[in-house]
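Structural overview for review
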Amino acid sequence: MESSLSTLIVPPGYRPLLDPRHTERAIQKIKEAFQTSLAYELNLVRVTAPLFVRAHQGINDDLNGVERPVRFQVGGLGNEEAEIVQSLAKWKRLALADLGFSPGEGLYADMNAVRPDDTMDNIHSLYVDQWDWELALEPEERTRATLERVVRTVYDVIRRTERYICHEYEELLPELPREITIVHALDLARRYPGLSPKERELQLCRDHGAVFIMGIGAPLGDLPPHDGRAPDYDDWTTEIEPGYRGLNGDILVYDAVLDIPLELSSMGIRVDPAALERQLEISGATDRRELYFHRRLLAGELPASIGGGIGQSRLCMFYLRKAHIGEIQSGLWPREMARACQEAGIPLL
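Residues numbered from 1 in each chain as written. Predicted model: local features only at pLDDT ≥ 70, side-chain atom pairs only at ≥ 80, totals over all residues. Heavy atoms only, no water.

With that out of the way, let us pick up helix α5 (residues 197–208). With twelve residues, α5 should cover 16 Å at 1.5 Å per step; its first-to-last C-alpha distance of 16 Å lies within 8% of that length. Residues of α5 that are buried include every one of Arg200, Glu201, Leu202, Leu204 and Cys205, and no others. Elements in contact with the buried residues of α5: β7 (181–184), α4 (185–191), β8 (210–214), β11 (248–255) and β12 (260–269). The first or second residue beyond α5 is Gly209, which carries a positive phi of 90°. (Helix = DSSP H or I, 4+ residues; strand = E, 2+ residues; numbered from the N terminus. Expected span 1.5 Å × (residues − 1). Buried < 20%, exposed > 50% of the residue type's maximum accessible area, 1.4 Å probe, protein only. Contact = heavy atoms within 4.5 Å.)

Written as structure tokens, this is what we have:
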């Protein structure tokens with residue numbers, strides 16, 4: 001088994017800019033400001049999110065398609081199985097339909113998830129908290145132009161919130177650039193041909209500060225995909241220009257404390273019935289057609305939409321210049337990691 005210390009980054013001379021008590025207050029300010037601004041800019045209303053859903057319905061997010069959800073039996077349902085959500089990517093689209101949202105309207109929710117297969121390190125834990133949002137579109141809006149417009153809107157909210165919290169605490173200085181750089185994963189691979197996907201991300205973030213890498217999940221010509229995506233929420237097969245596929249991507253920023261590319265959001269235009277059929281075939285997952293979510297999508301009952309998740313703890317970690325996500329959220333950590341953090345002056349909650 002790999003030691004947890006092999007995944008831990010300890011920045012030389014690190015000292016938190018805010019103590020734990022001021023950190024807790026700053027987290028509250030960030031969350032209140034960010035969700036208010038995001039809801040206003042994208043015309044979203046807050047809805048109540050589930051902590052668990054019925055298993056075997058195709059509603060839970062499969063992430064990269066390999067992660068195991070936490071599953072348990074519910075006595076009051078005759079021992080039917082339920083799953084703790086991994087994200088709300090598909091649930092949100094059902095909610096758009098069932099709550100009667102029209103194109104140009106959307107929703108967001110506080111999502112709390114458990115991902116037991118995540119490697120615990122500076123930016124990953126067993127617990128995930130994010131704003132999950134979904135915006136209904138007209139079918140003809142499923143375009144690259146729509147994706148880029150929404151990406152820039154989300155980034156403006158991220159940057160505006162950074163400036164706000166830096167105004168609240170003089171210890172913090174804004175770092176984000178005015179504009180986000182949008183790059184397709186194929187162009188990124190061509191720009192840095194000798195680097196791995198993660199190395200490409202780091203170099204791009206060092207160069208630009210904030211980036212959106214488009215086309216996650218699609219093969220890059222003769223190269224493998226930049227990263228994996230489940231086949232049934234983001235549309236990563238639609239051709240957006242000759243040779244370029246993928247109406248989705250990730251927002252990353254340069255984290256100077258850890259010298260890493262920090263992913264803050266994964267988002268994309270969602271599959272229509274044709275894209276779902278293609279991606280299920282490519283992924284060898286055609287059996288999912290019979291699941292509840294997939295049946296409704298293939299029957300045309302779900303609206304066209306764009307959506308994503310924005311990591312709450314990661315966002316706070318970046319704004320407050322923290323070295324470990326455990327300075328933002330209370331969690332379980334390997335004992336050797338907890339000891340190493342204590343010795344390095346990294347106070348885990």
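What the eight strands build is an open sheet, ordered β1-β5-β6-β13-β12-β11-β8-β7; its pairing is mixed. Every interior strand has two partners, whereas the edge strands, β1 (44–46) and β7, have only one. The mean inter-strand angle of the sheet, taken between neighbouring strand axes irrespective of direction, is 25°. One ladder, built from seven bridges, connects strand β6 (residues 127–136) with strand β13 (residues 305–311); its direction is antiparallel. Note on β13: the bridge partner recorded for Glu134 is Gly307. Along the sheet, helix α2 (residues 89–98) contacts β5 (106–114), β6 and β13; its crossing angle with β6, the most-contacted strand, is approximately 35°. (Pairing = 2+ DSSP bridges. Axes fitted to C-alpha atoms, helices over the stretch in contact; angles between N-to-C directions.)

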